[in-house]
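Structural characterization, general
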Amino acid sequence: MHARLRDYRPQAVALNAWTLTQSATGLGAVAAADPGEPSAELQHVLAGAGAVGSALLLTLWACQHVSGTISAADTDPKGVDVSNLNRCVPFHRTDLSRPKAIVSAERLSGHHGLTIEPYVGKAENLVGPRTHLISAIDTPEARQALQDAYPASTVQASTSGLRLEMLRVDPKAGTACLRCFNPPRAVVPDSRVRAQIADMDEATVMAHAEAIGADAQQVREWARTGGCGEIGDALLERLRPSDGRAAQFSVGFISVLAGVLLAGQVLKDAVRRPGNAPDLLADDVPLLGENARFVMNLIDPSTALAGVRRYGRDSECPACQGVRADVWAKRWTG
Ligand SMILES: [Zn+2]
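Residues numbered from 1 in each chain as written. Predicted model: local features only at pLDDT ≥ 70, side-chain atom pairs only at ≥ 80, totals over all residues.

**Examining the overall build of the protein**
Which entries qualify depends on this criterion: Runs of H or I in DSSP of at least four residues are treated as helices and runs of E of at least two as strands, each being numbered from the N terminus. Here the globule rule is a power law, 2.2 Å times the number of residues to the power 0.38, and the radius of gyration is based on C-alpha atoms. Buried, partly exposed and exposed are defined by the number of other C-beta atoms within 10 Å of a residue's own C-beta, namely 20 or more, between the two limits, and 12 or fewer respectively, with C-beta atoms placed from the backbone. Placing C-beta atoms from the backbone, we regard two residues as in contact once those atoms come within 7 Å.
For the protein, the count of helices and strands is nine helices and ten strands. A compact globule built from 334 residues should have a C-alpha radius of gyration of about 20 Å, and the protein, at 22 Å, falls within 12% of that. Seen through its C-alpha atoms, the protein measures out along the principal axes to roughly 70 × 55 × 40 Å. When each of the 334 residues of the protein is scored for burial, the buried share is 36%. Residue pairs at least 24 apart in sequence account for 66% of intrachain contacts in the protein once pairs closer than 6 positions are excluded.

Here it is, written out as structure tokens:
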């Protein structure tokens, strides 16, 4: 097994998190625009206090002149687990099993006037037409639920392996919405998962049983009779491919970088709103308008696909067409 690529020579890359410019020739090329300490009053909802969301909160916590309230929603029933500790920077081992939203609020609230209000539940319950939304979750179902609330503004960041992307939706500029290019996955019915187990050989059943802390007979029994309960829940989580909880390859420092960039975008949008200090910010600093998306891939930072790009609508997306598009454009304030 090779933990590193053979014959791989890392490429240097410098990134200015404010202007989203990157360069392979060093910091000097990107460090020209320094916003100093931006001052902004935030009233936002954060969807997801996991790796990206907690890095965003930590970044805002470190900004002296940021005040206001962020309602941080996280619905993960397991709370902080061991695998979170290498990428959720604010969380400690003593936080294991506790809800991420509550731990984030306890640890990062009350500094420099920024308050974090925890909410253990689905973020869409907090999102209305006047909400400024920060999305740090990336299942198609969650994206659709948030988009269906048509908030006043939305920024989103997500990661996949060594790649990160950030999106600022803007119906007036014709950008993609949160639902675009992310159709909900079909839910596999329980009966199909049970039939799948019925067809398995004994060794496979035993392997699954061992993984969920049950024995093979209990697994066979659930395949025959179904029903709710711990064994059924564990098997569905393990075997159903479409429930969004399957393990994904995530890289701690990419999640943290995504959270930092997202915090920068939240601040840029906030200082542009009335009552803050828009003169801090040049008119064309992205993400803004059509320039809605930033992509970076540390496997190949210099790829032509990296950087700030236009990101138009998905013509198949039902969430941002027709009457829905009209409603959204009226609510959206940026
Ligand atoms: Zn759409």
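So much for the structure itself; the text now carries on.
**Remarks on the confidence of the model for the protein**
The predicted coordinates of low-pLDDT regions are not to be read in fine detail. What counts here: For every residue, the predictor assigns a confidence score, pLDDT, that lies between 0 and 100.
For the protein, mean pLDDT is 88; residues scoring 70 or higher make up 93% of the total. Mean pLDDT across the elements of the protein ranges from a minimum in strand β2 (residues 21-23), with 84, to a maximum in strand β6 (residues 132-135), with 98. Below a pLDDT of 50 lies the segment residues 242-247, which in the model reaches nine contacts outside its immediate sequence neighbourhood of four places, other chains included.

**Overview of the nonpolar core**
For clarity, the threshold we go by: To form a nonpolar core, buried Ala, Val, Leu, Ile, Met, Phe, Trp, Tyr and Cys residues must be joined through C-beta atoms within 7 Å.
Counting residues in hydrophobic clusters, the biggest one holds 67 residues, and the most contacted among them are Leu-46, Ala-47, Leu-56, Ala-72, Ile-134 and Leu-262. When residues no more than four places from it in sequence are discounted, the contact partners of Ile-134 are His-44, Val-45, Leu-46, Ala-47, Leu-56, Val-155, Leu-262 and Val-266.

**Here's the deal with the environment of Val-127**
As for its placement among the helices and strands, Val-127 is situated in the loop between β5 (114-120) and β6. By C-beta crowding, Val-127 is classed as buried, having 25 other C-beta atoms within 10 Å. As for Val-127 and Ala-145, which are separated by 18 residues in sequence, their C-alpha atoms are 9.8 Å apart. Sequence-distant contacts of Val-127, defined by excluding residues within four places in its chain, comprise Val-45, Leu-133, Leu-146, Ala-149 and Pro-151.

**Side note on the pairing of strand β4 (residues 66-74)**
Quick reminder of the rule: Note on pairing: DSSP must find at least two bridges between two strands before they are called paired. Handedness of a crossover is defined as follows: with both strands directed away from the viewer, a clockwise route from the first strand across the helix to the second makes it right-handed.
Looking at chain direction, strand β3 (residues 40-47) and β4 are connected through eight bridges and run parallel. Bridge pairing links Ala-40 to Val-66 in β4. Between β3 and its parallel partner β4, the chain crosses via helix α1 (residues 51-61), and the hand of that crossover is right-handed.

**Looking at the packing of helix α5 (residues 202-212) against helix α7 (residues 230-239)**
Counted only if it meets this: Every axis in this analysis is a line fitted to C-alpha atoms, fitted for helices over the stretch in contact. Angles between the N-to-C directions lie between 0 and 180 degrees. Comment on the angle field: the value is read as roughly parallel under 35 degrees, roughly antiparallel over 145, roughly perpendicular from 65 to 115, and oblique elsewhere. Crossing handedness follows the turn of the near helix against the far one: under a right angle anticlockwise gives a left-handed crossing, and clockwise gives a right-handed one. Each residue is assigned to one of three groups, with Ala, Val, Leu, Ile, Met, Phe, Trp, Tyr, Cys and Pro labelled nonpolar, Asp, Glu, Lys and Arg labelled charged, and all others, Gly among them, labelled polar.
α7 packs onto α5 with a crossing angle of 110° between their chain directions and a minimal axis gap of 10 Å. Considered as vectors, α5 and α7 are oriented roughly perpendicular to each other. With respect to the hand of their crossing, α5 and α7 are arranged in right-handed fashion. For the pair α5 and α7, the contacting residues are His-208, Ala-211 and Ile-212 in the first and Ile-231, Ala-234, Leu-235 and Arg-238 in the second. Of the residues that constitute the contact of α5 with α7, the class distribution is five nonpolar, one polar and one charged.

**Thoughts on the pairing of β3**
β3 sits mainly inside the fold: six of its eight residues count as buried. Bridge count for β3 against β6 is four bridges, and the pairing is parallel. Bridge pairing in β6 links Val-45 to Leu-133.

**Details of the sheet that holds strand β10 (residues 307-309)**
Pairing is mixed in the open sheet, where eight strands are placed in the order β5-β4-β3-β6-β7-β8-β9-β10. Edge positions in the sheet fall to β5 and β10, since each of these pairs with one other strand and no more. The average undirected angle you get between the axes of adjacent strands in this sheet is 15°. As paired elements, β4 and β5 share seven bridges and run parallel to each other. When the sheet's bridge partners are listed, Asp-74 is paired in β5 with Val-120. Seen against the sheet, helix α2 (residues 100-108) touches β4 and β5 and runs at an angle of roughly 165° to β5.

**Comments concerning unusual backbone geometry**
Between Pro-286 and Leu-287 the backbone carries a cis peptide bond, its omega angle lying at 0°. Positioned with a positive phi, Leu-20 is a non-glycine residue whose angle comes to about 60°. As for its placement among the helices and strands, Leu-20 is situated in the loop between β1 (14-16) and β2. For Leu-20, a count of 21 C-beta atoms within 10 Å puts it in the buried group.

**A short note on the packing of α5 against helix α6 (residues 216-225)**
The N-to-C vectors of α5 and α6 enclose an angle of 100°; their axes lie 8 Å apart at closest approach. As far as their axial angle goes, α6 and α5 are roughly perpendicular. The residues of α6 that touch α5, namely those facing Glu-202, Val-205, Met-206, His-208 and Ala-209, are Ala-216, Gln-218, Val-219 and Arg-220. For the contact of α5 with α6, a count of residues per class yields five nonpolar, two polar and two charged.

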